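Each chain, letter by letter, is given below.
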Amino acid sequence: MHSEKVQTLPKLKSLNKRKKIGIIGGTFNPIHNGHLFIADQVRSQLGLEKVYFMPDFIPPHVDHKDAIDADDRVNMVNLAINDNDKFDIEMLEIINRGKSYTYNTMVELKRRHPDYEYYFIIGGDMVEYLPKWYRVDDLFKLTHFVGVRRENYPMSTNYPVIWVDVAKLDISSTLIRKLVSNHQSIQYLVPDAVLKYIKEHHLYE
């Protein structure tokens with residue numbers, strides 16, 4: 001009995017396979033080891049190709065926050081991530097200047113990189129503020145939100161947040177600025193290159 005061999009087409013690699021890209025935004029005033037640790041843990045746990053640190057020019061917070069010059073903050077981010085090829089910097093909000101609204105930023109990033117699937121990383125304490133974010137419902141159509149669990153903050157939200165467990169490092173930019181202003185050591189709280197930059201430029205004194 002003759003059986004006709006069925007020819008199957010070879011599986012082609014998708015040319016438009018979406019790249020999973022993380023974004024961690026903030027003032028980074030200054031960037032510290034806690035930021036780097038969170039970015040690395042989320043990247044590893046979610047299998048992200050890269051995480052971009054995105055400094056804001058003027059944070060759109062209701063409560064006013066003073067920050068040092070954007071150039072210094074950008075320089076410190078570059079110094080902090082220089083030795084990790086899984087980290088990069090996204091300069092869009094610095095270039096655009098003005099207040100940094102995440103919705104506007106993500107619209108532009110999706111236009112520039114339609115093959116990127118974005119994961120926007122925020123602290124668990126920020127999740128409860130999501131309803132107050134500018135055009136938040138539309139924003140969820142542009143990016144996944146990743147919430148880093150925080151003690152004493154509920155994980156209940158009406159939004160489809162991806163929760164990630166990350167060991168707690170009790171480091172904050174506020175703490176670092178306070179220590180520097182009091183002439184106390186910040187070694188091991190920030191990368192060595194950032195520590196050197198802060199000292200050389202007399203920041204936060």
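Given the structure is predicted, the values throughout are model-derived calculations rather than measurements.

## Describing the layout of surface pockets
Alright, step 1. Estimated volume of the second largest pocket: approximately 180 Å³.
Alright, step 2. In terms of lining residues, the second largest pocket is bounded by Val180, His183, Gln184, Ser185, Ile186, Gln187, Leu195, Ile198, Lys199 and Glu205.
Alright, step 3. A per-element tally of the lining of the second largest pocket places helix H8 (residues 192-200) first, with three residues.

## Observations regarding the pairing of strand E4 (residues 116-123)
Alright, step 1. With seven of eight residues buried, E4 is to be regarded as a mostly interior element.
Alright, step 2. Bridge analysis of strand E1 (residues 19-26) against E4 gives six bridges, and the strand direction is parallel. By the bridge assignment for E4, Gly22 is matched with Tyr119.
Alright, step 3. Here E4 runs beside strand E5 (residues 144-148); their pairing, made up of five bridges, is parallel. Within E5, the residue paired with Ile121 across the bridge is Val146.

## Here we look at the confidence of the model for the protein chain
The predicted coordinates of low-pLDDT regions are not to be read in fine detail.
Alright, step 1. Averaged over all residues, the pLDDT of the protein chain is 89; the fraction at 70 or higher stands at 88%.
Alright, step 2. Every residue in residues 1-15 scores below 50 in pLDDT, and together they form zero contacts with partners more than four places removed in sequence or on other chains.

## Concerning the packing of helix H2 (residues 70-81) against H8
Alright, step 1. Following both chains from N to C, one finds H2 and H8 inclined at 150°, their axes separated by 8 Å at the closest point. Relative to H8, the element H2 is oriented roughly antiparallel. Handedness of the crossing formed by H2 with H8: right-handed. Mapping the contact onto sequence places Asp72, Asn75, Met76, Leu79 and Ala80 in H2 and Ala193, Val194, Tyr197 and Ile198 in H8.
Alright, step 2. In terms of residue class, the contact of H2 with H8 is built from seven nonpolar, one polar and one charged.

## Observations regarding the sheet that holds strand E3 (residues 87-89)
Alright, step 1. One open sheet holds the six strands; their spatial order is E3-E2-E1-E4-E5-E6, and the pairing between them is parallel. Whereas interior strands pair on both sides, the edge strands pair on one side only; in this sheet they are E3 and strand E6 (162-164). Strand-to-strand, the axes of this sheet are offset by a mean angle of 30°, without reference to chain direction.
Alright, step 2. Sheet strands in contact with helix H4 (residues 102-112) are E1, strand E2 (50-55) and E4, and its direction is about 155° off that of E4.

The rules behind the values
Residues numbered from 1 in each chain as written. Predicted model: local features only at pLDDT ≥ 70, side-chain atom pairs only at ≥ 80, totals over all residues. Heavy atoms only, no water. 1 Å grid on protein atoms, 1.4 Å probe; cavity = no way out; pocket = protein on both sides within 12 Å on 5 of 7 lines; lining within 4 Å. Points joined across faces, edges and corners; volume = space filled by probe spheres on them. Helix = DSSP H or I, 4+ residues; strand = E, 2+ residues; numbered from the N terminus. Buried < 20%, exposed > 50% of the residue type's maximum accessible area, 1.4 Å probe, protein only. Pairing = 2+ DSSP bridges. pLDDT = per-residue confidence, 0-100. Contact = heavy atoms within 4.5 Å. Axes fitted to C-alpha atoms, helices over the stretch in contact; angles between N-to-C directions. Parallel < 35°, antiparallel > 145°, perpendicular 65-115°, else oblique. Left-handed = near helix turned anticlockwise from the far one by under 90°. Nonpolar A, V, L, I, M, F, W, Y, C, P; charged D, E, K, R; others polar.

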